[in-house]
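Understanding the architecture of this molecule
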Amino acid sequence: MGGEVPDLEAGRWTIDPVHSEITFSVRHLMTTVRGSFPDFEGEIVIGEDPMESTARAEIRMGSIDTRSAERDEHVRSADFLDVRRHPVMSFAGTGVEPAKTGRRARTPRYHLLGDLTIKNVTRPVRLLTEFHGVGPDPWGGVRAGFTATASISRRDFGIEFNIPLQGDRVMLGDEIAIALEIQTVFAPAEVPLDR
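These figures come from a predicted structure and were not determined experimentally.

Cut-offs and rules
- Residues numbered from 1 in each chain as written.
- Predicted model: local features only at pLDDT ≥ 70, side-chain atom pairs only at ≥ 80, totals over all residues.
- Heavy atoms only, no water.
- Salt bridge = Lys/Arg side-chain N within 4 Å of Asp/Glu carboxyl O.
- Helix = DSSP H or I, 4+ residues; strand = E, 2+ residues; numbered from the N terminus.
- Buried < 20%, exposed > 50% of the residue type's maximum accessible area, 1.4 Å probe, protein only.
- Pairing = 2+ DSSP bridges.
- pLDDT = per-residue confidence, 0-100.
- Contact = heavy atoms within 4.5 Å.

1. Let's talk about the pattern of salt bridges
Between side chains of opposite charge, pairing is possible as soon as their charged atoms come close. With the rule as written, the count across this model stands at 9 salt bridges. The shortest N-O distance in the salt bridge between Arg155 and Asp174 comes to 3.7 Å. Taken together, the residues Arg155 in the loop between strand 9 (142-153) and strand 10 (175-187) and Asp174 in the loop between strand 9 and strand 10 connect sequence positions 19 residues apart. The exposure class of Arg155 is partly exposed, given its relative accessible area of 45%. By sharing partners, the salt bridges in this structure join Arg12, Glu43 and Arg56 into a single network.

Following this line, the structure appears as structure tokens:
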């Protein structure tokens, strides 16, 4: 970030969930099933040293949408997410480090380091993040855009349900691919009134 992106002002940038999305995919039999969590909130706090920036997000697990009501109900159950006992998944970013950028890359890339908590289990994750710039919006605000991806093992979070198939195969893969499209709004510090 830093000198490469001087328009990304230090301070708090809140995530606009209407113009952002959190999606995931997992292998199912011979293909891939995709879904999303549309109910979430969070913020990114850009540090004076951008490598010390942090982030936080909370995702309502019950909002899962895989385009099948029956499947969504099963994933909400104790077999998978157990949303009755664990309604929120959370992420707490702890720092940033540069990532390799290929010669053809159009945007800077970084690793956002942090802790992901699912079902009261916390594991470190590293999100490969691209910064897409800063600009004004039609409502007088300033916005910044980011894309981030990561892969996690669902077994690491105690989500082990599966159905064995012929041979040594199983119905569901263990690896969950996560993709985020994040649009943030700058939240300037309040200026105190003159007394």
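What follows picks up the thread again.
2. A few points about the pairing of strand 3 (residues 31-36)
When strand 2 (residues 21-28) meets strand 3, the two strands line up antiparallel, connected through 6 bridges. Each residue of the ladder has a partner; that of Val26, found in strand 3, is Val33. The hairpin turn running from strand 2 into strand 3, its antiparallel successor, is 2 residues long, and Leu29 in that turn takes a positive phi close to 55°.

3. Describing the confidence of the model for the protein
Across the protein, pLDDT averages 90, with 92% of residues at or above 70. Confidence drops under pLDDT 50 across residues 191-195; counting only partners more than four residues distant or on other chains, this segment forms 0 contacts.

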